[in-house]
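# Structural description and commentary
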Amino acid sequence: MTHPASLSLATGASGTLSVNATGATHYQWRKLGAPIAGATHASFFITAAQLADAAHYDVLAGNGLAVATSSPARVQVLPAQSIQNPIIASATFNALFES
């Protein structure tokens, strides 16, 4: 089995976790050990990632006779860049003109 690779995604970005399990006929992706409804394929898509998507994911892959569990993949979701406390620069120029 090739294990899924960890991902780092920006908020709102998309990413894919994939596994290759030779002979597997069914899959079940899990987030923090809990099954993810409808995530029953070799790949799991995260679309428009949110901070709540950040977690460890693994997949159960089986063929009716045996089930293997992948190593967990870490998904990081990084907050969108924002400007906080912008620096506002100002300068005062004093000049004295004499004639």
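Residues numbered from 1 in each chain as written. Predicted model: local features only at pLDDT ≥ 70, side-chain atom pairs only at ≥ 80, totals over all residues. Heavy atoms only, no water.

## A few points about the overall build of the protein chain
A tally of regular secondary structure across the protein chain gives zero helices and eight strands. Ordered by position from the N terminus, the helices and strands of the protein chain form the series β-β-β-β-β-β-β-β. Each of the 99 residues in the protein chain was classed as buried or not, and the buried ones make up 25%. With the model as given, the accessible surface of the protein chain reaches about 7000 Å², and the carbon-plus-sulfur share is 57%. (Helix = DSSP H or I, 4+ residues; strand = E, 2+ residues; numbered from the N terminus. Buried < 20%, exposed > 50% of the residue type's maximum accessible area, 1.4 Å probe, protein only. Areas by Shrake-Rupley, 256 points an atom, 1.4 Å probe, with all protein chains shown as cover.)

## Notes on the confidence of the model for the protein chain
Taken as a whole, the protein chain shows an average pLDDT of 85; of its residues, 82% reach a score of 70 or greater. Note that residues 82–99 has pLDDT below 50 and, in this model, zero contacts with residues that lie over four places away or in other chains. (pLDDT = per-residue confidence, 0-100. Contact = heavy atoms within 4.5 Å.)

## A few points about the packing of aromatic side chains
Under the defined criterion, the tally for this structure stands at two aromatic pairs. Put simply, the rings of Trp-29, Phe-44 and Tyr-57 pair up and form one aromatic cluster. (Phe/Tyr/Trp six-rings, centres within 6.5 Å; stacked < 30°, edge-to-face > 60°.)

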